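Structural description and commentary
Listed below are the residues making up each chain.
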Amino acid sequence: MSDWTRKLFVECSDLFLKFLDERWSRTEEVVNGIVKVLSSFGITSGNLLDLCCGNGRISIYMAKRGFKAVGVDISKAFLEDAKRKTEEHKVSNMVTFIEGDVRNLKKIVGKIQQPFNVVVNAWTSIGYFSQKDDLKIFKQARELSKENAVLLIAETMHTEFLAVKFVPKGYEEVDDIVLLESRNYDLTTSQLKTVWTFYKKRGENLEFIDRVEYEIHVYSPSELSTLLRKAGWEPVAFYGNFSTLQPMSPFTSLNLVAKAK
Ligand SMILES: C[S@@+](CC[C@H](N)C(=O)[O-])C[C@H]1O[C@@H](n2cnc3c(N)ncnc32)[C@H](O)[C@@H]1O
């Protein structure tokens, strides 16, 4: 684990969990779209692998639609929350969560529930390490999957979006937590450096809680396609989002569908 992933996803997990929870309200719609896409490939049930599953929203909603899900994440706190949520959603028998680093995917999930019919990677959960590591992750996912498996990369940042929508400062608020974002994007390397500063609201004042600096590699659709082909996946469609299945554009996130080669 790198220093920043440890800090953001492990040491600050209780803070980041609030932001993960924010996405739950729109997950059912996203999953409806994913189910529609999968049925166009003849996949209506089977085993699903959720890479970097966070607190489990995709795994849990896919389980509600009849898929047996395995979610892998590096954060114990997120997975504990995910397990609580499987009980709330009454899908404990359909979902398994495993703590581990997706770079060692085969070792972690090698013995259970494979081969997978579907692999999902949602909300910019790539580019955290080197491109070599990302290749290794998707290659292992391919080796654990069936011949006709489908990979979905959902709600992911891409270079075209940053070219038209990059803003150096950001602000978000969840409950009593305020998050200030400061971003720096290097066009020559496609590396996006971000500083997140968390504050707690105290009446009229903001009390500093913590600061996390992180850096990710942002892919262009073609760069990601090249990487996926090398990993054994053939990209076949790009959407702006899975809820509406509108076409991808520089103003939308990247939502990619790839078939096992
Ligand atoms: C932006 S969150 C997305 C969570 C989830 N996919 C979702 O859509 O709600 C990124 C996730 O990647 C996980 N993560 C980061 N590095 C990881 C690694 N090396 N192995 C497994 N999980 C990792 C984090 O713990 C975090 O839950």
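Since the structure is predicted, the reported quantities are computational estimates derived from the model, not experimental observations. (Residues numbered from 1 in each chain as written. Predicted model: local features only at pLDDT ≥ 70, side-chain atom pairs only at ≥ 80, totals over all residues.)

Helices and strands together make up the secondary structure of the protein, namely nine helices and eleven strands. In terms of overall size, the protein behaves like a compact globule, its C-alpha atoms giving a radius of gyration of 18 Å where 261 residues would be expected to give roughly 18 Å. For the C-alpha atoms alone, the extent of the protein along its principal axes is close to 55 × 45 × 35 Å. Burial analysis of the protein (261 residues in total) assigns 34% to the buried set. Intrachain contacts of the protein at a sequence separation of at least 6 include 69% that bridge at least 24 residues. (Helix = DSSP H or I, 4+ residues; strand = E, 2+ residues; numbered from the N terminus. Rg over C-alpha atoms; globule rule 2.2 N^0.38 Å. Buried ≥ 20, exposed ≤ 12 C-beta atoms within 10 Å, placed from the backbone. Contact = placed C-beta atoms within 7 Å.)

Further remarks concern the packing of helix H2 (residues 13-22) against helix H5 (residues 76-88). At a minimum axis separation of 9 Å, H2 and H5 run at an interaxial angle of 45°. With respect to H5, the element H2 is oriented oblique. Crossing of H2 against H5: the hand is right-handed. Facing Ser 13, Asp 14, Leu 17 and Leu 20 of H2, the residues of H5 in contact are Ala 77, Phe 78 and Asp 81. Along the lines of polarity and charge, the residues of the contact of H2 with H5 split into four nonpolar, one polar and two charged. (Axes fitted to C-alpha atoms, helices over the stretch in contact; angles between N-to-C directions. Parallel < 35°, antiparallel > 145°, perpendicular 65-115°, else oblique. Left-handed = near helix turned anticlockwise from the far one by under 90°. Nonpolar A, V, L, I, M, F, W, Y, C, P; charged D, E, K, R; others polar.)

The next point concerns the domain arrangement of the protein. Domain assignment breaks the protein into domain 1 (3-157 + 220-260) and domain 2 (160-217). Taking the mean C-alpha position of each, domain 1 and domain 2 sit 23 Å from one another. Facing 16 residues of domain 1, the contacting portion of domain 2 comprises 16 residues. Of all the elements in the fold, those that place two or more residues in the side of domain 1 that touches domain 2 are helix H1 (3-11) and H2. Among the elements that line the side of domain 1 that touches domain 2, the one with the most residues is H2, at four residues. Classifying every residue of the side of domain 1 that touches domain 2 by side-chain character gives nine nonpolar, four polar and three charged. (Domains from an automatic or database assignment.)

Taken together, 22 residues are adjacent to the ligand, and Phe 9, Cys 52, Gly 54, Ala 122 and Trp 123 come closest. Breaking the shell around the ligand down by element, the ones donating at least two residues are H1, helix H4 (57-64) and strand S2 (67-73). Taken together, the residues that form the shell around the ligand break down as twelve nonpolar, five polar and five charged. (Near = placed C-beta within 6 Å.)

Quick look at helix H9 (residues 221-231) now. Of the positions making up H9, those classed as buried are Leu 224, Leu 227, Leu 228 and Ala 231. Take H9 and look down its axis: the buried residues cluster within an arc of 100°, on one side only. Relative to its buried face, H9 has exposed residues pointing more than 90 degrees away, namely Ser 222 and Lys 230. Summarising the contacts, the buried residues of H9 are in contact with helix H7 (131-143), strand S10 (233-239) and strand S11 (254-260). The positive-phi residue at the C-terminal boundary of H9 is Gly 232, with phi of around 100°. (Arc of directions from axis to C-beta.)

A few words now on the sheet that holds S2. Pairing within the open sheet is mixed, and its seven strands lie in the order S3-S2-S1-S4-S5-S11-S10. The open sheet has two edge strands with one neighbour each: strand S3 (95-99) and S10. Averaged over all adjacent pairs, the angle separating strand axes in this sheet is 20°, with direction ignored. Bridge analysis of strand S5 (residues 145-156) against S11 gives five bridges, and the strand direction is antiparallel. Among the inter-strand pairings, Val 150 is bridged to a residue of S11, identified as Lys 259. Contacts from H5 reach S2 and S3, with the element oriented near 170° to S3. (Pairing = 2+ DSSP bridges.)

At Lys 90, a position not held by glycine, the phi torsion is positive, near 60°. The residue Lys 90 is located in the loop between H5 and S3 in this model. Note on Lys 90: 11 C-beta atoms within 10 Å, which makes it exposed. With phi around 40°, Thr 124 is a residue other than glycine that occupies positive phi space. In this structure, Thr 124 sits in the loop between strand S4 (116-122) and H7.

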